[in-house]
Amino acid sequence: MIRLPGINAWFVLASLAVGYFMVYRLPPRLPKSVAALVMLWSVATPLCMDHSIGSPPIDVYDTNINPALTFTDFLTWCMYPIFGYVFIYLYDLWKIGGLGIPLYVLAWAILGACFEKLSVVFRVFQYKDWSTYDSFLIYVIVQLLTVVFFRILMKVFKRAGKV
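The shown structure was predicted, so the numbers you read here are calculated from the model rather than taken from an experiment.

Give a detailed account of the packing of helix α5 (residues 100-121) against helix α6 (residues 132-159), specifying residues and quantitative values.
Orientation of α5 relative to α6, taken along the N-to-C sense of each, is 135°, at an axis distance of 8 Å. With respect to their mutual orientation, α5 and α6 come out oblique. The way α5 lies across α6 gives a crossing that is right-handed. Residues Ile101, Val105, Leu106, Trp108, Ala109, Ile110, Gly112, Ala113, Glu116 and Lys117 of α5 pack against Thr132, Ser135, Phe136, Tyr139, Val140, Gln143, Leu144, Val147 and Arg151 of α6. Its residues assigned to classes, the contact of α5 with α6 shows 12 nonpolar, four polar and three charged.

Right, here's the structure in full:
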């Protein structure tokens, strides 16, 4: 008997298809190595968070309803680089600076929290002692760190004459 993927897998697959199509269609803007490092950062940061607060002894949520690691978990990790890349791509394109940075980060944190809420509806995440508001605060911190990481990267690349 063939078992079809659950609604959570379909939601993740659809999100991946739309996200990677969008990233593919964007004109190149960043040096490839900077884009790769931003995407790697965008995977590593949430994975560290997921494994620190989503595992015992803290264990505030499960991914894909199942506490065990599944293929769909791996697919959710593939969504993080899309989010990070587009976040930095638009940050660079619009030349966000000064007071625009916290406003930009807040807007993206709201967007991230809304997407996560939708992910809860589609059973990609199952909260235990967690809420979307907790995620919002984490998004603000992580996105501010992502901006700092990107700015440091760009300084290093400009100093090396790579940009």
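Alright, that's what it looks like, and here's the rest.
How would you explain the environment of Leu144 if you had to name every residue and give the values?
Relative to the helices and strands, Leu144 resides in helix α6. Classification of Leu144 as partly exposed rests on a relative accessible area of 37%. As a C-alpha pair, Leu144 and Pro102 span 42 residues in sequence and 7.9 Å in three-dimensional space. With residues up to four places along the chain from it excluded, the contact list for Leu144 reads Ile101 and Val105.

Summarise the nonpolar core; cite the residues concerned and give the values.
Counting 37 residues, the largest nonpolar core has Val34, Phe87, Tyr91, Tyr104 and Phe150 as the members making the most contacts within it. Counting only elements with at least two residues in this core, the list comes to α1 (7-25), α2 (32-53), α4 (80-93), α5 and α6. For this core, the leading source of residues is α4, giving nine residues. In this structure Val34 touches Phe150, Leu153, Met154 and Phe157, once residues within four positions along its chain are discounted.

Lay out the pattern of salt bridges in plain terms, naming residues and giving numbers.
Going through the model one piece at a time under the given rule, you end up with one salt bridge. Here Arg29 and Asp92 are joined by a salt bridge, their closest N and O atoms 2.8 Å apart. Taken together, the residues Arg29 in the loop between α1 and α2 and Asp92 in helix α4 connect sequence positions 63 residues apart. Judged by relative accessible area, Arg29 falls into the partly exposed class, the value being 32%.

Give me unusual backbone geometry: which residues, what numbers.
In terms of backbone geometry, most residues other than glycine have negative phi values and most peptide bonds are trans. Despite not being glycine, Lys95 has its phi angle at roughly 50°, a positive value. Summarising the element assignment, Lys95 is placed in the loop between α4 and α5. Positioned with a positive phi, Arg123 is a non-glycine residue whose angle comes to about 65°. Position of Arg123 among the secondary structure elements: in the loop between α5 and β2 (125-127).

Help me get a handle on α1, residues and values and all.
Between its first and last C-alpha atoms α1 spans 27 Å; for 19 residues at 1.5 Å apiece the expected length is 27 Å, and the two agree. Residues of α1 that are buried include every one of Asn8, Ala9, Phe11, Val12, Ser15, Leu16, Gly19 and Val23, and no others. One face of α1 carries all of its buried residues, which in axial projection span an arc of 155°. What points out from α1, more than 90 degrees from its buried face, is the exposed set Val18, Phe21, Tyr24 and Arg25. Residues of α1 that are buried sit in contact with α3 (71-77), α4 and α5.

Cut-offs applied
- Residues numbered from 1 in each chain as written.
- Predicted model: local features only at pLDDT ≥ 70, side-chain atom pairs only at ≥ 80, totals over all residues.
- Heavy atoms only, no water.
- Axes fitted to C-alpha atoms, helices over the stretch in contact; angles between N-to-C directions.
- Helix = DSSP H or I, 4+ residues; strand = E, 2+ residues; numbered from the N terminus.
- Parallel < 35°, antiparallel > 145°, perpendicular 65-115°, else oblique.
- Left-handed = near helix turned anticlockwise from the far one by under 90°.
- Contact = heavy atoms within 4.5 Å.
- Nonpolar A, V, L, I, M, F, W, Y, C, P; charged D, E, K, R; others polar.
- Buried < 20%, exposed > 50% of the residue type's maximum accessible area, 1.4 Å probe, protein only.
- Core = buried A, V, L, I, M, F, W, Y, C linked by side-chain atoms within 4.5 Å.
- Salt bridge = Lys/Arg side-chain N within 4 Å of Asp/Glu carboxyl O.
- Expected span 1.5 Å × (residues − 1).
- Arc of directions from axis to C-beta.

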